[in-house]
Amino acid sequence: PVFAGATEVLDVGCGRGELLDLFRSNGIQASGVDINAAMVAACRERGLDAETGDAVSYLERLPDGSLGGLIALQVVEHLEPPVLVRFLETAFLKLRPGAPLVLETINAACWMAFFETYIRDLTHARPLHPDTLRFLVTASGFSHADGRFRAAVEEKGRRRRVREAHIHARPSLE
């Protein structure tokens, strides 16, 4: 609903294109960018508009005010702070006034989310506290930032615990 009626929406980190498919099925013109060429190829095979590249470089090539929305799901926690700031500042310039910016990241203020999810992915650059991300968004020029939290993770949705016996290891004698 945030993007209802929007045009020229950009999905940063589009992956296999599930969100691009959803936009297309709802009549929303959208394109994607992802650093993984195999994911972009999968999108293109299904007729989705996707390009290989990093978010900041891609955004910098766009004309100011050309985007009707931008969404980045599980992306910002992979960016080092200077790159994240540059990403947000550039997104502000490329979005039309009033166009939505949606950023989803793991809630680092939630211990369960941090320890069960965040630290398991070695490609995460830095955890982002919701207040920190909100501050960075508004400092980049956006008029306000609204944080929304999803429901708590139920036990069946959590990863199985690794038994301690599997964690211990001995150096090889070879």
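Here the structure is a predicted model, which is why all the values come from computation and not from measurement.

K.L.:
Could you give an account of the layout of surface pockets, naming the residues involved and the relevant values?
P.N.:
Think of a ball as big as a water molecule: rolled over the atoms, this probe shows where empty space is left. Roughly 320 Å³ of volume is contained in the second largest pocket. Surrounding the second largest pocket, 15 residues form its lining, G13, D34, I35, V75 and H78 being those nearest its centre. Tallied by class, residues from the lining of the second largest pocket come to eight nonpolar, five polar and two charged.

K.L.:
Would you mind going over the packing of aromatic side chains in detail, with residue names and values included?
P.N.:
With the rule as written, the count across this model stands at two aromatic pairs. Aromatic side chains F3 and F23 sit 5.4 Å apart centroid to centroid with 75° between the ring planes, which places their arrangement in the edge-to-face category. Placement of the pair is F3 in the segment before β1 (9-12) and F23 in helix α1 (residues 18-25), with a sequence separation of 20 residues. On the basis of an interplanar angle of 80° and a centroid distance of 5.2 Å, the ring pair of F92 and F142 is categorised as edge-to-face. A residue pair is termed long-range when its members are at least 10 positions apart, and F92 in helix α4 (residues 81-94) and F142 in the loop between α6 (130-139) and α7 (164-167) qualify at 50 residues.

K.L.:
Tell me about the pairing of strand β2 (residues 30-34), and name the residues and values.
P.N.:
Most of β2 sits out of view: five of its five residues are buried. With burial as the criterion, each face of β2 is covered, one bearing A30, G32 and D34 and the other bearing S31 and V33. In this sheet, β2 lies alongside β1 in parallel orientation, the contact comprising four bridges. Note on β2: the bridge partner recorded for L10 is S31. Crossover connection from β1 via α1 to parallel β2: handedness right-handed. In this sheet, strand β3 (residues 50-52) lies alongside β2 in parallel orientation, the contact comprising three bridges. Within β3, the position partnered with G32 by the bridge is A50. Handedness of the β2-helix α2 (residues 37-45)-β3 crossover: right-handed.

Procedures and definitions
- Residues numbered from 1 in each chain as written.
- Predicted model: local features only at pLDDT ≥ 70, side-chain atom pairs only at ≥ 80, totals over all residues.
- Heavy atoms only, no water.
- 1 Å grid on protein atoms, 1.4 Å probe; cavity = no way out; pocket = protein on both sides within 12 Å on 5 of 7 lines; lining within 4 Å.
- Points joined across faces, edges and corners; volume = space filled by probe spheres on them.
- Nonpolar A, V, L, I, M, F, W, Y, C, P; charged D, E, K, R; others polar.
- Phe/Tyr/Trp six-rings, centres within 6.5 Å; stacked < 30°, edge-to-face > 60°.
- Helix = DSSP H or I, 4+ residues; strand = E, 2+ residues; numbered from the N terminus.
- Buried < 20%, exposed > 50% of the residue type's maximum accessible area, 1.4 Å probe, protein only.
- Pairing = 2+ DSSP bridges.
- Right-handed = clockwise from strand over helix to strand, strands pointing away.

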